[in-house]
Every structure is written in C-alpha cells, then in structure tokens.
Amino acid sequence: MFSIILTATIIMMISFIVMLLASILSKKTLVDREKSSPFECGFDPKSSSRLPFSLRFFLITIIFLIFDVEIALILPMIIIFKFSNLLIWTTTSIIFILILLIGLYHEWNQGMLNWSN
C-alpha cells in the first residue's frame, strides 16, 4: 500500500515539475506593441479591430449547443429500448424529457426565445 502511494506521489511531483517548466519556458518575455496590434497591409487600422459582440447571439448559441447535446443524449435511448427493462427505460425517459421541458419553459419565460428584441 505504501509503495502505491509513494509511486503516485512521485508521478504527481514529476507531472507538476514538467508542467511548471513548460509554463515558464513557453511564456513570451517581451511584449511588443506592433506584434499585438492588428495587421492591415502595413498601415494603421482605420477603425477598431475589436467589434462589439452581441450577448444575445452568444445566449442563442449556448441554447443551441444545449439542445444539440440533448438530441445526442436522446438518440441512444431509442436504441437501448430493445435491450432494457421497459419500466426503467420509461421512467428514465420521462424524467429526462421532463427536465428538458422545464428548461425550455424557463428559457421561454425569461424571453430568450424571442427573436424580435
């Protein structure tokens, strides 16, 4: 038991040292204003290169990703239907879909699904 703990500790210490060395060696030591500025054919940019980002677009993207993952979780439930207990499968499916519907109601109630605003 002691040898397992000692081996795990040594492996963790070696991993920590390697990560620390990689972090130290990979950092840039000199910050150059020209290198961090946007390049526009050698000229100074006409306008700001940082465009404002719509938070609404970000929230719609997150909602899409959540529903996309939900679809990926629902599809295997159809395949497992043949091989599992009907009561357990039905209970799990109902609970999962109920959670999805509660989330959809919450998003609808918060106004996240209104495209007009």
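Residues numbered from 1 in each chain as written. Predicted model: local features only at pLDDT ≥ 70, side-chain atom pairs only at ≥ 80, totals over all residues. Heavy atoms only, no water.

- As annotated in an unreviewed UniProt entry, the chain carries the name NADH-ubiquinone oxidoreductase chain 3 and is attributed to Drosophila mojavensis.
- The record held by UniProt for the chain lists under Catalytic activity (unreviewed entry) the comment "a ubiquinone + NADH + 5 H(+)(in) = a ubiquinol + NAD(+) + 4 H(+)(out)".
- The chain has a UniProt comment under Function (unreviewed entry) that states "Core subunit of the mitochondrial membrane respiratory chain NADH dehydrogenase (Complex I) which catalyzes electron transfer from NADH through the respiratory chain, using ubiquinone as an electron acceptor. Essential for the catalytic activity of complex I." (UniProt positions renumbered as here; feature names shortened; annotations may be inferred.)

## Comments concerning the overall build of the chain
Argument step 1. Scanning the chain from N- to C-terminus turns up four helices and zero strands.
Argument step 2. Reading the secondary structure of the chain in the N-to-C direction produces α-α-α-α.
Argument step 3. Out of the 117 residues in the chain, the part that is buried amounts to 7%.
Argument step 4. Roughly 11,100 Å² of accessible area belongs to the chain as shown, and the carbon and sulfur atoms make up 75% of that amount. (Helix = DSSP H or I, 4+ residues; strand = E, 2+ residues; numbered from the N terminus. Buried < 20%, exposed > 50% of the residue type's maximum accessible area, 1.4 Å probe, protein only. Areas by Shrake-Rupley, 256 points an atom, 1.4 Å probe, with all protein chains shown as cover.)

## Here's the deal with the UniProt feature "transmembrane region" (unreviewed entry) in the chain
Argument step 1. Mapped onto this numbering, the UniProt entry gives "transmembrane region" (unreviewed entry) at residues 6–25, 57–80 and 86–105.
Argument step 2. Annotated as 100% helix and 0% strand, the span residues 6–25 places its first and last C-alpha atoms 28 Å apart.
Argument step 3. Within the segment residues 86–105, helix and strand shares are 100% and 0% respectively, and the terminal C-alpha atoms sit 28 Å apart.

## A look at the packing of aromatic side chains
Argument step 1. In total, this model carries one aromatic pair according to the counting rule given.
Argument step 2. Each ring, one from Phe 81 and one from Trp 89, has its centre 4.7 Å from the other, and the planes form 65°; the classification is edge-to-face. (Phe/Tyr/Trp six-rings, centres within 6.5 Å; stacked < 30°, edge-to-face > 60°.)

## Observations concerning the side chain of Glu 70
Argument step 1. Its place among the elements puts Glu 70 in helix H3 (residues 55–80).
Argument step 2. When neighbours within four sequence positions are excluded, Glu 70 is seen to be in contact with Phe 96 and Leu 100. (Contact = heavy atoms within 4.5 Å.)

## Remarks on the confidence of the model for the chain
Argument step 1. Residues with a pLDDT of 70 or more make up 76% of the chain, whose mean pLDDT is 81.
Argument step 2. Per-element confidence in the chain is highest for helix H1 (residues 2–26), whose mean pLDDT is 91, and lowest for helix H2 (residues 33–36), whose mean pLDDT is 67. (pLDDT = per-residue confidence, 0-100.)

## Details of a nonpolar patch on the surface
Argument step 1. A cluster of nonpolar side chains, contributed by Phe 53, Leu 55, Phe 57, Phe 58, Ile 62, Phe 64, Leu 65 and Ile 66, occupies part of the molecular surface with about 830 Å² of accessible area.
Argument step 2. One can find Phe 64 in helix H3. (Patch = residues over 30% accessible without salt bridge, like charges linked within 9 Å, V, L, I, M, F, W, Y side chains within 5 Å. Salt bridge = Lys/Arg side-chain N within 4 Å of Asp/Glu carboxyl O.)

## What to know about the packing of H3 against helix H4 (residues 86–110)
Argument step 1. In contact at an axis separation of 11 Å, H3 and H4 are set at 165° when each is read in the N-to-C sense. The angle between the axes of H3 and H4 places the two elements in the roughly antiparallel class. Crossing handedness for the pair H3 and H4: left-handed. Contact residues: Ile 63, Phe 67, Glu 70, Leu 73, Ile 74, Met 77 and Ile 80 in H3; Trp 89, Thr 92, Ser 93, Phe 96, Leu 100, Leu 104 and Glu 107 in H4.
Argument step 2. Split into classes, the residues belonging to the contact of H3 with H4 amount to ten nonpolar, two polar and two charged. (Axes fitted to C-alpha atoms, helices over the stretch in contact; angles between N-to-C directions. Parallel < 35°, antiparallel > 145°, perpendicular 65-115°, else oblique. Left-handed = near helix turned anticlockwise from the far one by under 90°. Nonpolar A, V, L, I, M, F, W, Y, C, P; charged D, E, K, R; others polar.)

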